[in-house]
Amino acid sequence: MLKQIISPLIFLIFAWFVVSSDDAKTIISGIAIFLIGMHYMENGFKLFSGGTLESFLEKFTNTTPKAIGVGFLSTAVVQSSSLISVIIISFLSAELIGLTQAVGVIFGSNIGTTTTAWLVSSFGLKIKIAQYAMPMLIFGVIFQFSRHNSYKGLGSVLIGLGFIFLGIAYMKEGFDTLKEGINLAEYAMTGYSGVLVYLSLGAIATVIIQSSSATMAIIITALASGQIDYINALSLAIGANVGTTVTAILGSLASNRNGKRLAVAHFIFNIITGLVAVLLIYQLRDLVEFLAPYLSIAQNDYAMKLALFHTIFNVLGVLLVTPFIRPLVNYLQTLFCVKEKGRGQVKYLTEEVMQIPASALEALRKETIHLYDKSLEALVHAMNLHRSEIFSEREIPELVELSNETIHVDINRVYQEEIKNIYSEILRYSSQTQAYMDEEDNNKVYELKLTARNIVEMVKDIRELQKNLNYFIKIKNNYMINEYNKLRREIVTILRSIQQIRDTDFDSAEIMTELEVLKEKAADNERKLNQGIDKLIRDNKIDPKMAASLINDVGFMHSICKKLLKVAAVLWVKDKEIAELGDEYEY
Amino acid sequence: MSIKSLLEQLDDFFDLSRKKQRKKREKLDKLIVSLEEKKATLKRKIRRETHKEKNSKKAYNLCKEFKAISRIIKKAKKRADLISKVDCC
């Protein structure tokens, strides 16, 4: 009840404040325009990079220094640490990168965000950037009409930049005119009490605006207009850093365990950095004074000095925390542990993974492999075999002949309890991702969907074969048992070869050749099996009814072999051009 | 000229698909060359093996590999030709 009254009341007071004060209106509209700009930039880069940003983040993060560097560079270019966080959480969930790398990127991203302060203090305040905003907005809108996503993305980036420039100009104008009426600098506070008060204000402002970049833009423009004292501005900047941790924690509440772990890492980093910066604020200010002439920063250019301070204390934080990244990661891994998922549950598909096409594709591939492994279990048990035997060094004919004991496994139950759910989740997530993917990625998802269907159909095929296999074992017809052993040998040979492909680091061309050879042999063996059945009928070794069952089961066996080879080509031939040389899907 | 047609011209100018196609073609050409080499080696091996024993298992396996590689080469050539045709247009 109270909540229902308080929220509209706060909103009304705020609205009155905005309407009654022209300066406040200009400053707040500047902040709003700046935030719209950030939003456009973020979405624009998602489209514009067309996967480049993602592959950059994936490939160049194998060591911690590289991960920090990549985090810095990508955030500096994109000007959005939240976009980088979304990608990193998505990659982490798809296991494209490890937690250590992800933490490294997040640390680097913190340094990357300091470039906003440099941009605002250098370009934003020294030139009339509103003039540049207009052409950017015009061309941004024109590019939006393009049919290519890259140009649409470029258009959004331009619109975003235009709005950011415009927002800064409004904020600057607002603070300049405000100076004529009220002088906020009169409320300056000295000493550590002032540091703590302004730090809290910076943190609160960031929590409200949900963007440390926007807070920094306000601080810098206010400082440049002389509305706040320099040392108070430094405290506000530290507060902005601390405030982002709240934003990150709030954002992670709806996230998976990876998102939560990264939010904790972000929190620990910023709290340690903030503490060090507060304790050493006067020493760091002196360091800035010392370094400023070397960077051609004028004596009275406090905005640039603030940007330098912001960078120094973030770099200091990275230097302090990075040596402890391993224990930090070990600690993070103990957090938010969930119970092992039950059988028949998906392992890789989550909402976070689906945010980015690259990680969505990888997660779908891994989940299809998970489905394959589950179905493999059913397939092998239905043939009265065990996986450990199939993938052992034992000769296949000997192995098959000695496995004549029926394994009582209800394939229908296995399908319902362990396979169907994974399959349906693959279909659900595939359809979800296809909505925002380009044509090429859409085709890949489609292929994975068909692969999952092939896997499920294999299980249905083996169910048919299992019935007759166990029947003929029961009635002890040696001719039939011998023929069924041949069928089992065929499937086991292919399963073992596929396992070897998985275990060995073959290149795509080698895998493709191996699969094609297996296909050749499978077709040959099917022919031979059918010829053998004809001979058994002619020699009256089996009756026509038995022959009918056997011929049907040869068909099922061949269908399973063909599907296994198709599945392997999609899941393990990574080179797209080479994979295309295999079988085309005939649906 | 309308904005739409101007943008279409811009799209064509910046079109990266041709570059992609060329790269694809180069990759396929490389693959064809390496597979042709493998095919020639296999041919020699098959000849040697059948000379020793006509219906040996090893000869059978080599023949199957030869057939598979021939099929991949055929498909790769077909695909490469298709890319060239599209590129010419």
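1. A look at the overall build of chain B
Part 1 of the argument: Along chain B, the regular secondary structure elements total three helices and zero strands.
Part 2 of the argument: For chain B, the proportion of its 89 residues judged to be buried stands at 22%.
Part 3 of the argument: When contacts within chain B are restricted to residue pairs at least 6 apart in sequence, long-range pairs at least 24 apart make up 70% of them.
Part 4 of the argument: Approximately 6900 Å² of chain B is accessible, and the part contributed by carbon and sulfur atoms is 56%.

2. Comments concerning the overall build of chain A
Part 1 of the argument: Scanning chain A from terminus to terminus reveals 25 helices and zero strands.
Part 2 of the argument: Here the C-alpha atoms of chain A give a radius of gyration of 32 Å, more than 25% beyond the 25 Å that 2.2 N^0.38 yields for 587 residues.
Part 3 of the argument: Dimensions along the principal axes, computed over C-alpha positions, put chain A at roughly 110 × 55 × 50 Å.
Part 4 of the argument: Per-residue burial over chain A gives 53% buried out of 587 residues.
Part 5 of the argument: Roughly 27100 Å² of accessible area belongs to chain A as shown, and the carbon and sulfur atoms make up 60% of that amount.
Part 6 of the argument: Positive and negative side-chain charges in chain A, numbering 55 and 60 respectively, have mean positions lying 4 Å apart.

3. A closer look at the interface of chain A and chain B
Part 1 of the argument: Listed as interface residues are 28 residues of chain A and, on the opposing side, 26 residues of chain B.
Part 2 of the argument: Between chain A and chain B, a total of about 2400 Å² is buried, with carbon and sulfur atoms accounting for 56% of that surface.
Part 3 of the argument: Among the residues of chain A in contact with chain B, A:Glu520, A:Glu577 and A:Leu581 are the three that bury the most area, contributing 28% of the side total.
Part 4 of the argument: B:Lys64 is the salt-bridge partner of A:Glu520, the closest N and O atoms lying 3.8 Å from each other.
Part 5 of the argument: Our enumeration of links across chain A and chain B arrives at six residue pairs in polar contact (both at pLDDT 80 or more).
Part 6 of the argument: Those elements that provide at least two residues to the side of chain A that touches chain B are helix H8 (129-144), helix H23 (508-538) and helix H25 (576-579) of chain A.
Part 7 of the argument: Per element, the largest residue contribution to the side of chain A that touches chain B is 11 residues, and it comes from H23(A).
Part 8 of the argument: Here the side of chain A that touches chain B is composed, by residue class, of nine nonpolar, five polar and 14 charged.

4. Description of helix H24 (residues 544-572) of chain A
Part 1 of the argument: Given a rise of 1.5 Å per residue, 29 residues ought to cover 42 Å, and the 41 Å separating the end C-alpha atoms of H24(A) matches this to within 8%.
Part 2 of the argument: Regarding H24(A), its N-cap is A:Asp543, as a side-chain oxygen of that residue lies 3.0 Å from the backbone nitrogen of A:Lys545 further along.

5. Observations regarding the side chain of A:Thr206
Part 1 of the argument: For A:Thr206, the position within the fold is in helix H10 (residues 191-209).
Part 2 of the argument: A distance of 3.1 Å separates a polar atom in the side chain of A:Thr206 from a polar atom in the side chain of A:Thr215.

6. Digging into the confidence of the model for chain B
Part 1 of the argument: Residues with a pLDDT of 70 or more make up 74% of chain B, whose mean pLDDT is 79.
Part 2 of the argument: Within chain B, the element-level pLDDT minimum falls on helix H1 (residues 3-13) of chain B, averaging 62, and the maximum on helix H2 (residues 17-52) of chain B, averaging 85.

7. Examining the side chain of A:Lys449
Part 1 of the argument: Looking at the secondary structure, you find A:Lys449 in helix H21 (residues 439-474).
Part 2 of the argument: In this view, A:Lys449 contacts A:Leu427, A:Ser430, A:Ser431 and A:Gln434; residues no more than four positions away in its chain are not counted.

8. Things to note about the pattern of salt bridges
Close approach of charged atoms allows side chains of opposite charge to pair.
Residues and elements named next belong to chain A.
Part 1 of the argument: Tallied over the full model, the rule gives 29 salt bridges over all chains.
Part 2 of the argument: The salt bridge partner of Asp373 is Arg502, with a shortest N-O separation of 2.8 Å. Of this pair, Asp373 sits in helix H17 (residues 357-382) while Arg502 sits in helix H22 (residues 478-503), and the two are 129 residues apart along the sequence.
Part 3 of the argument: The residue Lys486 makes a salt bridge to Glu483 at a minimum N-O spacing of 3.2 Å. Of this pair, Lys486 and Glu483 both sit in helix H22, separated by three residues, roughly a single helical turn.

9. Some details on the nonpolar core
Residues and elements named next belong to chain A.
Part 1 of the argument: One finds Val103, Leu306 and Leu495 to be the most contacted residues of the largest nonpolar core, which totals 192 residues.
Part 2 of the argument: Take this core: its biggest share by element is 15 residues, from H24.
Part 3 of the argument: Setting aside residues up to four positions removed in sequence, Leu306 forms contacts with Met216, Ile219, Ile220, Leu223, Tyr230, Ala233, Leu234 and Ala237.

Thresholds applied
Residues numbered from 1 in each chain as written. Chains lettered and ligands numbered in written order. Predicted model: local features only at pLDDT ≥ 70, side-chain atom pairs only at ≥ 80, totals over all residues. Heavy atoms only, no water. Helix = DSSP H or I, 4+ residues; strand = E, 2+ residues; numbered from the N terminus. Buried < 20%, exposed > 50% of the residue type's maximum accessible area, 1.4 Å probe, protein only. Contact = heavy atoms within 4.5 Å. Areas by Shrake-Rupley, 256 points an atom, 1.4 Å probe, with all protein chains shown as cover. Rg over C-alpha atoms; globule rule 2.2 N^0.38 Å. Lys, Arg positive; Asp, Glu negative; His and termini not counted. Charge placed at Lys NZ, Arg CZ, Asp CG, Glu CD. Buried area = accessible area lost by both parts, 1.4 Å probe. Salt bridge = Lys/Arg side-chain N within 4 Å of Asp/Glu carboxyl O. Polar contact = N/O pair within 3.5 Å; in protein donor to acceptor, adjacent residues only side chain to side chain. Nonpolar A, V, L, I, M, F, W, Y, C, P; charged D, E, K, R; others polar. Expected span 1.5 Å × (residues − 1). pLDDT = per-residue confidence, 0-100. Core = buried A, V, L, I, M, F, W, Y, C linked by side-chain atoms within 4.5 Å.

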